[in-house]
Amino acid sequence: MKVKEKNDIQPLEIEIFFNTIHNIDLKSNFIKPVKLDNNSEDIKDYIKLLIKGIRESKNTRLFELKLNSSLKKEFLNVNSSKTPQLIADKLFKEEKTAQKKYVHLTTIQKGSLLQASLLVNNKKVYIITKIDLHKYLDENELKTRVGLPFEKQVLKACIIEFEESSITKISICDTKEKIAEYWVNDFLELIEINSDETNTLKAFKNIDSVLIRNVKDRSGADYTFLRNNVVSYFKTHAQFQVTDFVENVIGTYKPQKLDVKIENLKEKISNLPSNSDFDSTFNIIESKIKHTFKHTIQLSEKLDLFIKDEVENLGNIIESFIDSEGNKCLKIKSEKGYNFFNTDETK
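Residues numbered from 1 in each chain as written. Predicted model: local features only at pLDDT ≥ 70, side-chain atom pairs only at ≥ 80, totals over all residues. Heavy atoms only, no water.

Enquirer: Please provide a residue-by-residue account of the overall build of the protein, values included.
Expert: Summing up its helical and strand segments, the protein has 12 helices and 15 strands in all. The buried share of the protein, taken over its 347 residues, is 44%. By sequence separation, contacts in the protein at least 24 residues apart represent 65% of the contacts at least 6 residues apart. Within the structure as shown, the protein displays about 20,000 Å² of accessible surface, and the carbon and sulfur contribution to it stands at 48%. (Helix = DSSP H or I, 4+ residues; strand = E, 2+ residues; numbered from the N terminus. Buried < 20%, exposed > 50% of the residue type's maximum accessible area, 1.4 Å probe, protein only. Contact = heavy atoms within 4.5 Å. Areas by Shrake-Rupley, 256 points an atom, 1.4 Å probe, with all protein chains shown as cover.)

The structure is reproduced here in structure tokens:
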């Protein structure tokens, strides 16, 4: 079966090979498979929605298998009829262990484990996701109910991407702010690829590179003001989320020149996490990039303007103009600068 799904970033073409669902209930201590009609349009639509939601999740990070992973063999043999049950049994075991360990702190939410093997844009993909099945599909008839936001359906998700017989990428998303330790460490046996420090540096450098390539030559003013806004975001936010950044830093900016295309910038920066291998959500470590805040603008062969850090209301402080004699000038609002260069003793 092949289905196409529209997406603002990149269209999806999906071919589903098979999918399974296991209900897991720690309180009643049972795990059981749900009988599925793989040709059901409701199941097809639900998996399309899952793929779209996982791809657009605000909390996705990259992982890799531990060297001694007991699941590597299963992941490389995902089309085996035994694999879904083995993986479901392992989750059941690890959730019981985690519940005992954290019994005084939290209760692991009841849910169902959905697994699916498919092609996404001609790339082999295996999905392992814990869902709140009864809120979206009737468990008896598996008919779609009124749709809920993605965050209300999916509890945790893992997407494994393959090329030929090798795993090339593992993405984890969690609808809670912090990805559950038992889910990645104990159940899936994964380790995180990028630390917060690495993510911070990669994100800042790649965003700046997009601005350099797409804005700087077209409008030095827009590049300077946008870069200043980027610095401000990284200084004032504890956490980076690419969707929040794109909408509130890039999306709200009013360019000085018309050939600076904001929608184009939004698309390019939205795609950076997947194209440049940093996570779409991470904690910002400002100390890792503080040295990159500095920015030098050449005013002449022997004169530079040096911006050391974020400057509040930069657009109101620096202004270009042409004087009455036709000279192109730069005006900088600065009391200290005025006092330093002032030669009029009466002022």
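Enquirer: Could you give me a rundown of the packing of aromatic side chains, with the residues and numbers involved?
Expert: Tallied over the entire structure, the rule returns 13 aromatic pairs. Ring geometry for tyrosine 233 and phenylalanine 234: centres 6.1 Å apart, planes at 70°, overall edge-to-face. Under the relative-accessibility criterion, tyrosine 233 is labelled buried at 3%. Phenylalanine 234 sits in the buried class, given a relative accessible area of 1%. A network of ring pairs unites the aromatic residues Phe204, Tyr233, Phe234, Phe240, Phe245, Phe278, Phe282 and Phe293 as a single cluster. Lysine 96 extends its terminal NZ or CZ atom over the ring of phenylalanine 92, reaching a point 4.5 Å from the ring centre. (Phe/Tyr/Trp six-rings, centres within 6.5 Å; stacked < 30°, edge-to-face > 60°. Lys NZ or Arg CZ within 6 Å of the ring centre and 35° of its normal.)

Enquirer: Provide a residue-level description of the pattern of salt bridges, including the pertinent values.
Expert: What the rule picks out here adds up to 14 salt bridges. Residue arginine 61 pairs with aspartate 279 through a salt bridge whose shortest N-O separation is 3.2 Å. In this pair, arginine 61 sits in strand 4 (residues 60-65) while aspartate 279 sits in the loop between helix 10 (272-276) and strand 11 (281-283), placing the two residues 218 residues apart along the sequence. Pair check on accessibility: arginine 61 and aspartate 279 agree, each one buried. Connected via shared salt-bridge partners are Arg61, Glu192, Asp196 and Asp279. (Salt bridge = Lys/Arg side-chain N within 4 Å of Asp/Glu carboxyl O.)

Enquirer: Please give an account of the packing of helix 6 (residues 196-216) against helix 7 (residues 220-236) that cites residues and values.
Expert: Two quantities define a packed helix pair, namely the angle between the axes and the distance from one axis to the other. Viewed as axis vectors pointing N to C, helix 6 and helix 7 meet at an angle of 165°, and their least axial separation amounts to 9 Å. Considering the angle they form, helix 6 stands roughly antiparallel to helix 7. As for the relative orientation of helix 6 and helix 7, their crossing is right-handed in sense. Between helix 6 and helix 7, the residues in contact are Thr200, Ala203, Phe204, Ile207, Asp208, Leu211, Ile212, Val215 and Lys216 and Gly220, Asp222, Tyr223, Leu226, Arg227, Val230, Val231 and Phe234, respectively. (Axes fitted to C-alpha atoms, helices over the stretch in contact; angles between N-to-C directions. Parallel < 35°, antiparallel > 145°, perpendicular 65-115°, else oblique. Left-handed = near helix turned anticlockwise from the far one by under 90°.)

Enquirer: Would you mind going over the packing of helix 8 (residues 242-250) against helix 9 (residues 262-270) in detail, with residue names and values included?
Expert: Interaxial distance between helix 8 and helix 9 falls to 10 Å at its minimum, and their mutual angle equals 160°. With respect to helix 9, the element helix 8 is oriented roughly antiparallel. Our pair here, helix 8 against helix 9, has a crossing hand that is right-handed. Here Val242, Phe245, Val246, Glu247 and Ile250 of helix 8 come into contact with helix 9, specifically with Ile262, Leu265, Lys266, Ile269 and Ser270. The class makeup of the residues in the contact of helix 8 with helix 9 is 7 nonpolar, 1 polar and 2 charged. (Nonpolar A, V, L, I, M, F, W, Y, C, P; charged D, E, K, R; others polar.)

Enquirer: Can you break down helix 3 (residues 83-101) residue by residue, with the values?
Expert: Taking 1.5 Å as the rise per residue, helix 3 with 19 residues should run 27 Å; its terminal C-alpha atoms sit 27 Å apart, in good agreement. Along helix 3, the positions that sit buried rather than exposed are Thr83, Pro84, Ile87, Ala88, Lys90, Leu91, Phe92, Glu94, Glu95, Ala98 and Gln99. (Expected span 1.5 Å × (residues − 1).)

Enquirer: Please set out the state of the cysteines residue by residue, giving values where relevant.
Expert: Throughout this description, disulfide means a covalent bond between two cysteine sulfur atoms. Counted under the stated rule, the structure contains 0 disulfides. Between cysteine 158, a cysteine without a disulfide, and cysteine 173, which holds the nearest cysteine sulfur, the sulfur-to-sulfur distance is 9.2 Å. Residue cysteine 173 is classed as buried on the basis of its relative accessible area of 2%. (Disulfide = S-S within 2.5 Å.)

Enquirer: I'd like to hear about the environment of lysine 202, residue by residue, with values.
Expert: Tracing the sequence through the fold places lysine 202 in helix 6. For lysine 202, a relative accessible area of 28% corresponds to the partly exposed category. Sequence separation between lysine 202 and proline 273 is 71 residues; the distance between their C-alpha atoms is 9.2 Å. If we skip the residues at most four places from it in the chain, lysine 202 touches Asn194, Ser276, Asp277 and Phe278. A polar atom in the side chain of lysine 202 sits 3.3 Å from the side chain of asparagine 194. (Polar contact = N/O pair within 3.5 Å; in protein donor to acceptor, adjacent residues only side chain to side chain.)

Enquirer: Describe in detail the pairing of strand 5 (residues 111-120), supporting the description with residues and values.
Expert: Within strand 5, 9 of the 10 residues are buried, which leaves it mostly tucked inside the rest of the structure. Where strand 5 and strand 6 (residues 123-131) come together, 9 bridges link them in antiparallel fashion. Residue pairing across strands places leucine 114 opposite threonine 129, the latter belonging to strand 6. Counted between consecutive antiparallel strands, the loop separating strand 5 from strand 6 contains 2 residues, among which asparagine 121 sits at a positive phi close to 50°. (Pairing = 2+ DSSP bridges.)

Enquirer: Kindly report on unusual backbone geometry, identifying the contributing residues and their values.
Expert: If a residue is not glycine, its phi is most likely negative; likewise, a peptide bond is most likely trans. A positive phi angle, close to 55°, is found at glutamate 189, a residue other than glycine. Examined against the element boundaries, glutamate 189 turns out to sit in the loop between helix 5 (181-187) and strand 9 (190-192). For glutamate 189, a relative accessible area of 11% gives the class buried. In the Ramachandran plot, asparagine 313 falls in the positive-phi region, its phi being about 55° despite a non-glycine side chain. Take asparagine 313: it is sitting in the loop between strand 13 (303-307) and helix 11 (314-317).

Nothing here speaks to function; it is all geometry.
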